Amino acid sequence: MFVIRDLRHAYNGEDALQIREWQAAQGEHWLILGPSGSGKTTLLHILAGILRPSYGDVLVAGQPLLRLKPRALDRFRARHVGIVLQKMHLVASLTVEENVVLAQYFSRLPREPYRAQEVLAELGLADKADMYPHQLSFGQAQRVAVARAIVNRPTLLLADEPTSNLDDANAMQTLDLLEAQAKACRATLLIATHDQRIKSRFRKQYMLGS
Amino acid sequence: MTLARISFSYLWQRRLSTALNVALLAFGVAAVTLLLLSSAQLEERVYRDARGIDLVVGAKGSQTQIVLSSIYELDVPTGSVLWSEAQEIAKHKSVRKAIPLALGDNYAGFRVVGTSHDYLTHYDARLVDGKLWQEPLEAVFGADVAARLRPRIGSTFVASHGFATSGGEAHNELPYRVVGTLARTGSVIDQLVLTDVASYWTVHAQQKPAEGELVAEPLPDDGRTISALLLQYASAGAGGELPRFVNAYENLQAASPSYETARLFGIIAVGMDLLQGFALVLMVSAALSIFIALYNGLHERRYDIAVMRTLGATREDIMALLLFEGIILACVGAVSGLLLGHILTSMLGFALRQAQQISVTGWIWYSSELWIVGIALLVGVATALLPAWRAHEVDIAGTLARG
């Protein structure tokens, strides 16, 4: 699904990330492990196409990301990548449903009128559609962020520290949710975490060295 | 979902700031509109009143005062002109039209003007009711006077001496009779009570108590006077020698309406410029305020912008979003300012009408108002430009990594 070769990224001349080679097949679920500062977020941003690495090859869905022009990269990102950010960053001035529709709108994909409601219903948020983000609990907001990430049926679903602020039970529920949604879209799932509690759940793990 | 919907949601989220910015811009636009409407109407009116009058003859004195008192009925006359001398000037070969004006009395604060039928024809005044005066002490009411006093044809009234409502001695023994009312002309005539010039001679002869007996008879021919004589030249080039001809009389003074009005506008222009500058300051501060709101908003919204980019929004989408907000603010501000300006102008017109001055209406639209809207829109775009560019340049990964 994606191939990373000889990837290096540096901030201000200091190496923040270095990967010799790593690839994953479509539909696989991976955990990216590593202490903070090991470049987990940087790697997710590079795979999402919002950060250009200093050096190396990144192919996502057969597409070499570094060769895409900015606008093509925007389109690629909208159609292939869903990302759940560590801080969910819902748009505060828009309702829950509009936050999800926002992803559809900017993807410029053919409009699917009931898709947003469908996704919200699936995540148990049907009655929250007209609420604003500040009216939601942390768990509800996270589910809205997941809904926004999967509404366009991405082929690559990324999640950055999704369990870091949750207790054990909620952490497991969130992982269930992400895995279920990834399976439903047949997406490759990548979860970046330093949360030791969830290590045992995933067979496929990629360790970023310090 | 459209960019407009997203822009509106942001404006709605900061509705207090949005309302204040719109109000600030609206006040600026309203002030400019008010100035534009009132000065354009004032100018139109001043030129309409003076149209076709090439020279005014009055008693020796200030030329400005002669023009103001005769054409615009705004000042007191400089003195009296002997009827015999006025007729000599009227018969000059370069004069096509000569209209006498006798001033000095009022009825209920409206000036009573003794003149000839030519005065009415000059301003295209038509009767709506009754007939024109045929003999002394018959009077015709201008449209504003008639609207205010609602006289019955055939009723009588008493004029008082002077130009103000109170204080003047009333000419009790010789009442006027209303014989007609005029249609609105949009000129000075609307505010006048008109009568034959001979009415003045009758009324004022009777007022001379020196002879003992009160006689309702015209003054002897050589004692008759008027206040001013309005002249129209036989042809554009014909009047060259007339001012000198008039000024050669010991007691007479010629005044040029076009010269005097131009001079007056020169004086008024200073005040207008000052007001315009004030309105401009309002608009500039509105622009600054919108700029500050958008720029600060940008800082609060950097995560939203980064998220939208992550969802696939292009740099241009983000830029359009910010520009849209500036344009919406400017549009709403411009349109409400324009309406407010018209409302204020009609309120001004109402106040002026109460003061029996020049009539101004708010329900008139000038093409130059499109300029105001255009400039307001330009302000909206210009103030949004820098914030929009900063939004265009937001570093997505950097912003998200920090947040």
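None of these values were measured; they are calculated from a predicted model.

Rules used in this analysis
Residues numbered from 1 in each chain as written. Chains lettered and ligands numbered in written order. Predicted model: local features only at pLDDT ≥ 70, side-chain atom pairs only at ≥ 80, totals over all residues. Helix = DSSP H or I, 4+ residues; strand = E, 2+ residues; numbered from the N terminus. Expected span 1.5 Å × (residues − 1). Bend = angle between axes of the 7 residues up to and from the residue. Buried ≥ 20, exposed ≤ 12 C-beta atoms within 10 Å, placed from the backbone. Pairing = 2+ DSSP bridges. Contact = placed C-beta atoms within 7 Å. Nonpolar A, V, L, I, M, F, W, Y, C, P; charged D, E, K, R; others polar. Axes fitted to C-alpha atoms, helices over the stretch in contact; angles between N-to-C directions. Parallel < 35°, antiparallel > 145°, perpendicular 65-115°, else oblique. Left-handed = near helix turned anticlockwise from the far one by under 90°. Core = buried A, V, L, I, M, F, W, Y, C linked by C-beta atoms within 7 Å.

Draft legend 1. Inspection of helix α12 (residues 369-392) of chain B at higher detail. Residues and elements named next belong to chain B. The end-to-end C-alpha distance of α12, which contains 24 residues, comes to 34 Å, matching closely the 34 Å that a straight helix rising 1.5 Å per residue would cover. At L385, α12 shows its largest kink, close to 40°, and the proline P387 lies no more than four residues downstream. Three or more residues of α12 are buried, namely I372, A376, V379, G380, T383, A384, P387, A388 and A391.

Draft legend 2. Representation of the sheet that holds strand β1 (residues 2-11) of chain A within the structure. All names here are of chain A. Spatially, four strands are ordered β2-β1-β4-β5 in an open sheet, and the strand pairing comes out antiparallel. Of all strands in the sheet, those bounded by a partner on one side alone are β2 (14-24) and β5 (63-64). Taken together, the five bridges between β1 and strand β4 (residues 55-60) define a ladder with antiparallel strand orientation. By the bridge assignment for β4, F2 is matched with V60.

Draft legend 3. Molecular detail of unusual backbone geometry. Of note, the phi angle at A:R186 is positive, near 55°, even though the residue is not glycine. The topology assignment puts A:R186 in the loop between α6 (168-185) and β8 (188-193). Assessed through the 10 C-beta atoms surrounding it within 10 Å, A:R186 is described here as exposed. Located in the positive-phi region is B:L137, a residue other than glycine, with phi close to 70°. In this fold, B:L137 is placed in the loop between β5 (127-130) and β6 (138-141).

Draft legend 4. Main features of the interface of chain A and chain B. Contacts between the two partners involve 25 residues from chain A, matched on the other side by 21 residues from chain B. Mapped by element, the contributors of at least two residues to the side of chain A that touches chain B are α1 (40-48), α2 (70-80) and α3 (96-107) of chain A. Here the side of chain A that touches chain B gets seven residues from one element, more than from any other, and that element is α3(A). Residue composition of the side of chain A that touches chain B, grouped by class: 14 nonpolar, five polar and six charged.

Draft legend 5. Looking closely at the sheet that holds strand β9 (residues 204-207) of chain A. Residue and element names in this part refer to chain A. Read across the sheet, five strands follow the order β6-β7-β8-β3-β9 without closing on themselves; strand pairing throughout is parallel. Among the strands making up the open sheet, the edge pair consists of β6 (81-84) and β9. Each neighbouring strand pair of the sheet contributes to a mean axis angle of 20°, computed without reference to strand direction. Pairing between strand β7 (residues 156-160) and β8: five bridges, direction parallel. Counterpart to L157 in the pairing with β8 is L189. On the sheet, α6 packs against β3 (29-33), β7 and β8 and is oriented at approximately 155° with respect to β8.

Draft legend 6. The pairing of β1(A), seen in detail. Of the strand pairs in this sheet, β1(A) and β2(A) are connected by nine bridges, and their pairing is antiparallel. Bridge pairing in β2(A) places A:L7 opposite A:I19.

Draft legend 7. Main features of the packing of α3(A) against helix α4 (residues 115-122) of chain A. All names here are of chain A. Contact geometry for α3 and α4: axes closest at 9 Å, N-to-C directions at 125°. In terms of orientation, α3 and α4 fall into the oblique class. The handedness of the crossing between α3 and α4 comes out as right-handed. Mapping the contact onto sequence places V96, E97, V100, V101 and Q104 in α3 and R115, A116, Q117, V119 and L120 in α4.

Draft legend 8. Expanded view of the nonpolar core. If you look at the biggest cluster of nonpolar residues, it comprises 110 residues, and the most contacted ones within it are A:L47, A:L102, A:A147 and A:L158. In terms of residue count, helix α2 (residues 15-50) of chain B provides more of this core than any other element does, 11 residues in total. Not counting chain neighbours up to four residues away, the residues in contact with A:A147 comprise A:V100, A:V119, A:L120, A:L123 and A:L125. Among the nonpolar cores identified, the runner-up in size contains 58 residues, and B:L68, B:F110, B:A143 and B:L242 belong to it.

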